[in-house]
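What follows is each chain in one-letter form.
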Amino acid sequence: MNKVFLNPYLFFIILEGKLIAWDYKNHQQFEFDEKYLSRLLDISNSPISHHQIDTELMENNLILDQEEKVEWGWDCLSKIFHFGTKISEDDLLGINTEDASLFASEYMKLSEDTLLTSPSLFIEKKGETVYLPLPDLSQLADIDLLSVLTKRKTCRTFYDESVSLETLSSLLYVTFGNFYSERKEYDNLGLERIGLRKTSPAGGGLHASEAYLVAFNVDGLPQGIYHYQAHAHILTLINSETSFGEFKKIFCGQYYMENLSFGVFVTSRLEKLWHKYPHSRAYRVALLDIGHLSQTFQLVATALNLSPWLSGAFIDDEVSKMLMLDEISEQPLFFVGAGYGPGLSLDPMTAEYALKSKGDE
Ligand SMILES: Cc1cc2nc3c(=O)[nH]c(=O)nc-3n(C[C@H](O)[C@H](O)[C@H](O)COP(=O)(O)O)c2cc1C
């Protein structure tokens, strides 16, 4: 009798009263009934093929005649996400990989169709409008890239010092603003504008990320949380409640964020991405988009003599509440912050413990 093995890339879900087996590696779903489920349970205990159902299970790749071991270091959720969002050759069905001219015409059609039915390009929040001073790009004009790259570091000590509104305005504009208002190359071809172009690239040119400023200590700007309207370079006050005490908890105890002058929660409007790219791989794009924005923020902040900090560790739902995000279609994914400081990677308390533990060795 032959041995058989479970496909290691299966999960089961109940949808609309039906049990679905999902082969997330091969992107296949099967409606399942209990007899198949109980046979799979049997096989997992005793991998001997003796049952007529096995042929059917084998044909659909739910069981295999050779064991496929996956050495995966995290839990099953991350495994599902990683393997489930890979592009395989099967996903290329219907895409022209041989004929460049067909590829180009189909891509153009997809982009134009997407624009026609796209969710709104911009969001506007209700609240008091704050006009920012014009960004002062001269502050960045003569700075050499190498010196900024050399100086950039994640800082964890900040002075209780304010940042000018002009500096904040420049940093927001250069990182999150509509930096290239002219798009002659597209306009000359009569192509619809997709809304924005920033100093960081964005998947599909969609710029699904939004910036929410948390102002702690900015000259002339009351403390609070503001939505940054990238296309208009203005702020809208959405929440006046900000205290370092509350933020330290939200940042899972990372007390060294105290005295940041300001920070920006970066969200992704997932609806923009899932509209153009219905496959869950686009979740990777949401994260990658924000990584690019974050690095631009770190470099521009450094060039403006600020000390940057960043965090991916925060209580998501608390942040959503604070940013007044009540739709699942927009989610906070990252935080970048800045203030003035001595440029230290470690805060004094951690540095002291580090010294003590060296002394104890
Ligand atoms: C995705 C990501 C998440 C991070 N999250 C945190 C964080 O929650 N708290 C923190 O203090 N630093 C955080 N960092 C900063 C890293 O710890 C830091 O980049 C690393 O120690 C290297 O130091 P450097 O940035 O000075 O080169 C994060 C960095 C990245 C890229």
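None of these values were measured; they are calculated from a predicted model. (Residues numbered from 1 in each chain as written. Predicted model: local features only at pLDDT ≥ 70, side-chain atom pairs only at ≥ 80, totals over all residues.)

**Here's the deal with the overall build of the protein**
Here is step 1: A tally of helices and strands in the protein yields 13 helices and 12 strands.
Here is step 2: Expressed along its principal axes, the backbone C-alpha trace of the protein runs to roughly 75 × 70 × 40 Å.
Here is step 3: Going through the 361 residues of the protein one by one, you find that 29% of them count as buried.
Here is step 4: In the protein, of all internal contacts separated by at least 6 residues, the share reaching a separation of at least 24 is 73%. (Helix = DSSP H or I, 4+ residues; strand = E, 2+ residues; numbered from the N terminus. Buried ≥ 20, exposed ≤ 12 C-beta atoms within 10 Å, placed from the backbone. Contact = placed C-beta atoms within 7 Å.)

**With respect to the site of the ligand**
Here is step 1: Contacts to the ligand come from Lys153, Thr154, Arg156, Gln254, Leu310, Ser311, Gly312, Ala313 and Ser345.
Here is step 2: Across the shell around the ligand, the residue classes break down as 2 nonpolar, 5 polar and 2 charged. (Near = placed C-beta within 6 Å. Nonpolar A, V, L, I, M, F, W, Y, C, P; charged D, E, K, R; others polar.)

**So, the domain arrangement of the protein**
Here is step 1: By the assigned domains, the protein splits into domain 1 (5–86) and domain 2 (125–349).
Here is step 2: The distance between the C-alpha centroids of domain 1 and domain 2 comes to 42 Å. (Domains from an automatic or database assignment.)

**So, the sheet that holds strand β3 (residues 18–23)**
Across a sheet, paired strands are connected by hydrogen bonds in the backbone, their directions being either parallel or antiparallel.
Here is step 1: Sheet architecture is open: 3 strands sit in the order β2-β3-β4, paired in antiparallel fashion. Edge strands, defined here as strands with exactly one partner in the open sheet, are β2 (10–15) and β4 (28–32). The sheet shows a mean angle of 30° between the axes of neighbouring strands, taken without regard to direction.
Here is step 2: The pairing of β3 with β4 spans 5 bridges and is classified as antiparallel. Bridge pairing in β4 places Asp23 opposite Gln28. (Pairing = 2+ DSSP bridges. Axes fitted to C-alpha atoms, helices over the stretch in contact; angles between N-to-C directions.)

**Side note on the sheet that holds strand β6 (residues 129–131)**
Here is step 1: Taken together, 7 strands build an open sheet; the order of strands is β6-β9-β8-β7-β10-β12-β11 and the sheet is antiparallel. Every interior strand has two partners, whereas the edge strands, β6 and β11 (307–311), have only one. Taking each pair of neighbouring strands and ignoring which way they run, the sheet shows an average axis angle of 30°.
Here is step 2: In this fold helix α7 (residues 165–176) packs onto β7 (209–215), β8 (224–229) and β10 (262–269), with an angle of close to 165° to the strand it touches most, β7.
Here is step 3: Across the sheet, helix α11 (residues 282–303) is in contact with β7, β10, β11 and β12 (330–339); its angle to β12 comes to roughly 15°.

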